[in-house]
Amino acid sequence: MTTSDWAEVDRYLVDSLVGDGDSPTLAANAAAGLPAIDVSPPQGKFLYLIAKSARARRVLEIGTLGGYSTTWLARAVGKEGQVVTFEYEPEHAEVARANLDRAGVGDRVDIRIGAALDNLPVLAGEHPEPFDLVFIDADKANNANYVRWALKLTRPGSVIIVDNVVRNGGIANADSTDAAVRASREVIELIAAEPRLDGTVLQTVGGKGWDGFLYALVSDQD
Ligand code: SAH
Ligand code: DHB
Ligand code: MG
């Protein structure tokens, strides 16, 4: 099997089951020259279904890009829900704002521009209600820092998901010098060592190649 076979399966699934996600968003992202590193439509729907299963009303996202994953999450939280999403690049945030407004979910999304590690303490200082789900999908080197912040901003029963942790299988190599692989291993080892978190990684193939999601549950125990 090759990436093109996997992409063909993704296309079949989009046509048969997933729905088109939000193709106007993906088209606008391409027109604006954004990198095509959004979650795939089946993955976006999976995030939406996880958020619905968890009855999430409050979602925190780190890494907005053009708001494709944000749109799925914003649909899942419903009219009374809220998504707070952090984006470093003002140009990405501007494209995302237009996409979210066009998709009809703009009023439930708070986009905060800047480095997430600068904005996380600001958010924490607002003493927000705990987030039910955190989706981490930004600069991979900070994944462990983002999970530490997510722990402060959630409650027992909340879900933390980290995108792109498998890195074409690179995470099996303990001696890898690739910064993103090392960051994946760091966040996996953090979760293994953290008694308040229980986790697993689901490897994925698809139009975006071989990668995977880390899924962690914030536990009831200290
Ligand atoms: N979640 C999006 C894809 C995000 S791509 C989707 O699936 O549709 C990663 C994004 O993280 C990029 O837009 C990048 O600009 C942003 N990013 C990178 N470093 C960041 C940082 N330190 N703080 C916040 N966002 C960052
Ligand atoms: C990259 C980043 C992502 O979040 C992703 O899903 C795929 C690729 C990247 O930086 O290459
Ligand atoms: Mg990603």
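The structure displayed is predicted, hence computed values, not measured ones.

(A) Just the site of ligand 2, in detail. Every residue near ligand 2 is listed here: I37, D137, K140, D163 and N164. Note that an oxygen atom of ligand 2 is positioned 2.7 Å from one of the side-chain N or O atoms of D137. K140 is positioned with one of its side-chain polar atoms (N or O) 3.1 Å from an oxygen atom of ligand 2. When isolated, ligand 2 has an accessible area of 290 Å², and the protein chains bury 60% of it. Tallied by class, residues from the shell around ligand 2 come to 1 nonpolar, 1 polar and 3 charged.

(B) Main features of the site of ligand 1. Close to ligand 1 lie 22 residues; V39, G63, S69, E87 and H92 are nearest. Residue H92 places a side-chain N or O atom 2.8 Å away from an oxygen atom belonging to ligand 1. D139 places a polar side-chain atom, nitrogen or oxygen, 3.3 Å from a nitrogen atom of ligand 1. If ligand 1 stood free it would expose 580 Å²; the protein chains cover 89% of that surface. For the shell around ligand 1, the class distribution of residues is 11 nonpolar, 5 polar and 6 charged.

(C) Local environment of the coordination of the magnesium ion (ligand 3). The protein atoms donating to the magnesium ion (ligand 3) are D137 (OD), D163 (OD) and N164 (OD1), with metal-donor distances spanning 2.0 to 2.1 Å. For the magnesium ion (ligand 3), the donor residues sit on a single chain with the sequence spacing D-x25-D-N. Of this pair, D137 sits in the loop between β4 (131-136) and α7 (143-152) while D163 sits in the loop between β5 (154-162) and α8 (179-193), placing them 26 residues apart in sequence. Residue class for D163 comes out buried when judged on its relative accessible area of 5%.

(D) Representation of the packing of aromatic side chains in the model. This model, assessed by the stated rule, comprises 3 aromatic pairs. Here Y48 and W72 contribute two aromatic rings whose centre-to-centre distance is 5.8 Å and whose plane-to-plane angle is 65°, an arrangement assigned as edge-to-face. Of this pair, Y48 sits in helix α3 (residues 41-53) while W72 sits in helix α4 (residues 68-77); the two residues are 24 residues apart in sequence, bridging distant segments of the chain. Ring pairing ties together the aromatic residues Y48, Y68 and W72, which thus form one cluster. Cation over ring: R58 sits above F131, and NZ or CZ is 4.4 Å from the ring centre. The ring of W149 carries the charged tip of K152 above its face, separated from the ring centre by 5.3 Å.

(E) A look at the nonpolar core. The biggest cluster of nonpolar side chains holds 29 residues, and the ones touching the most others in it are L60, F86, L120, I136, V147, I160 and L197. Secondary structure elements with two or more residues in this core: β1 (58-62), β2 (82-87), α6 (116-125), β4, α7, β5, α8 and β7 (209-218). The greatest single-element share of this core, amounting to 6 residues, is contributed by α7. Ignoring anything within four residues of it in the chain, the contact list for F86 reads L60, E61, I62, G63, T64, R112, A116, N119, L120 and L123.

Thresholds, definitions, all that
All residue numbers refer to position in the chain's written sequence, counted from 1. To read the labels, note that chains go from A and ligands from 1, taken in the order they are written. Local features in this predicted model are restricted to residues of pLDDT 70 or higher, and side-chain atom pairs are both shown and tallied only at a pLDDT of 80 or more, whereas totals for entire chains, interfaces and linings draw on every residue. Computation of side-chain values covers all heavy atoms of the structure but excludes hydrogens and water. Near residues are defined by distance, with any heavy atom within 4 Å of the molecule or strand qualifying the residue. N or O atoms closer than or at 3.5 Å make up a polar contact, with two conditions inside protein: a donor-capable atom paired with an acceptor-capable one, and, for residues adjacent in sequence, both atoms drawn from side chains. Residue exposure ignores everything except the shown protein chains as possible cover, and the areas themselves are Shrake-Rupley values with a 1.4 Å probe. In this classification, the charged set is Asp, Glu, Lys and Arg, the nonpolar set is Ala, Val, Leu, Ile, Met, Phe, Trp, Tyr, Cys and Pro, and all remaining amino acids, among them Gly, are polar. The donor set covers N, O and S atoms within 2.8 Å of the metal, switching to 3.2 Å for Na, K and Ca, and it leaves out water, so a site may look short of donors. Working definition: helices are DSSP H or I runs of at least four residues, strands are E runs of at least two. Numbering for both runs from the N terminus. Think of it in three bands: residues with accessible area under 20% of the maximum for their type are buried, residues over 50% are exposed, and the middle band is partly exposed, with areas taken using a 1.4 Å probe on protein chains only. Each Phe, Tyr or Trp ring (for Trp, its six-membered ring) is paired with any other whose centre lies within 6.5 Å, and the angle between the two planes then decides the class: stacked below 30 degrees, edge-to-face above 60, tilted in between. Here, a charge over a ring means that NZ of Lys or CZ of Arg falls within 6 Å of the ring centre while also lying within 35 degrees of the ring normal. Note on terminology: a nonpolar core comprises buried Ala, Val, Leu, Ile, Met, Phe, Trp, Tyr and Cys residues joined through side-chain atoms within 4.5 Å. The contact criterion used is simple: two residues touch if any of their non-hydrogen atoms lie within 4.5 Å.

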